[in-house]
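One letter stands for each residue in the lines below.
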Amino acid sequence: MAIRKILIHPDDRLREISKPVSFPLSDAVKQIIEDMAETMYDAPGVGLAAPQIGVSLQIAVTDTLWRSDEVRHDPDKPGADRDLKVWLNPEFLWKSDEIETWEEGCLSVPETYANVTRPAAVRLRWFDMEGKQHEQDFTAFEAVALQHEFDHLLGKLFIDYLSPLKRKMITKKMKKLYK
Ligand code: NI
């Protein structure tokens, strides 16, 4: 296992459209998934998509329990209250007309938070590591987290939802801090 370097905006690799993974998963892809989980927990973050470590594949990992307000665990005890989920080739089948606004952040846009409005509920189809297909509805924070992560697979960042001026300011800040 290895902690990977997280790409910081602006980086062209964050703008690539990811390709689906094929089953059965190769050892290389399994290693990428393990590394992504380790990198997410190390950051720490609630989600990480493959393009954020420079891999253009439709893979995302999340753990919305890990940092949720409802279940605050002891940060000195890593491993407690974890709920790692791996999402492969995800596709939204439906998004609600009802919308909700949440404050979002992203490991590729550090120290930056902004309100983003998205559909409040979604129906998702995805594959697990064994290649089994799943379908489920999600609401609230999980719906937000999944939409944010899967935007990454389309080369999209949460700052794309902000005004051009605000986005420009954030990009300028990132260049100054991380280049
Ligand atoms: Ni993100």
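Relevant structure appears above.
An account of the accompanying structure is given in this report. The structure displayed is predicted, hence computed values, not measured ones.

1. Quick notes on the overall build of the chain
- For the chain, the count of helices and strands is three helices and seven strands.
- The order of helices and strands in the chain, counted from the N terminus, is α-β-β-β-β-β-β-β-α-α.
- A globule of 179 residues ought to have a C-alpha radius of gyration of about 16 Å, and the chain, at 16 Å, matches this closely.
- Put simply, the chain has 179 residues, and 45% of those count as buried.
- Partitioning the intrachain contacts of the chain with sequence separation of at least 6 by distance along the chain shows that 65% fall at a separation of at least 24.
- For the chain, the accessible area works out to roughly 9900 Å², and carbon and sulfur atoms hold 51% of it.
- Side-chain charges in the chain split into 25 positive and 30 negative, and the spacing between the mean points of these groups amounts to 8 Å.

2. Focus: the side chain of T64
- With respect to the helices and strands, T64 occurs in the loop between β2 (59–62) and β3 (85–95).
- Overall, T64 belongs to the buried group, its relative accessible area being 13%.
- Once residues lying within four places of it in the same chain are set aside, the contact partners of T64 are V46, F141, E142 and A145.

3. Some remarks on unusual backbone geometry
- Omega for the bond connecting H9 with P10 falls within 30 degrees of zero, at 0°, which places this linkage in the cis form.
- One non-glycine residue, E111, lies in the positive phi region at around 60°.
- If you trace the backbone, E111 turns up in strand β5 (residues 109–119).
- For A140, which is not a glycine, the phi torsion comes out positive at approximately 55°.

4. What to know about the packing of aromatic side chains
- Applying the stated rule across the entire model yields seven aromatic pairs.
- Relative to F150, the ring of W87 lies with its centre 6.2 Å away and its plane at 70°, an arrangement referred to as edge-to-face. Residue W87 is found in strand β3, and its partner F150 is found in helix α2 (residues 140–152); the two are separated by 63 residues along the sequence. Across the pair, exposure class does not vary: W87 and F150 are buried alike.
- Aromatic side chains F92 and F150 sit 5.6 Å apart centroid to centroid with 45° between the ring planes, which places their arrangement in the tilted category. Of this pair, F92 sits in strand β3 while F150 sits in helix α2, placing them 58 residues apart in sequence.
- An aromatic cluster of three or more residues is present, and its members are W87, F92, W126, F138 and F150.

Each value, and the rule that gives it
Residues numbered from 1 in each chain as written. Predicted model: local features only at pLDDT ≥ 70, side-chain atom pairs only at ≥ 80, totals over all residues. Heavy atoms only, no water. Helix = DSSP H or I, 4+ residues; strand = E, 2+ residues; numbered from the N terminus. Rg over C-alpha atoms; globule rule 2.2 N^0.38 Å. Buried < 20%, exposed > 50% of the residue type's maximum accessible area, 1.4 Å probe, protein only. Contact = heavy atoms within 4.5 Å. Areas by Shrake-Rupley, 256 points an atom, 1.4 Å probe, with all protein chains shown as cover. Lys, Arg positive; Asp, Glu negative; His and termini not counted. Charge placed at Lys NZ, Arg CZ, Asp CG, Glu CD. Phe/Tyr/Trp six-rings, centres within 6.5 Å; stacked < 30°, edge-to-face > 60°.

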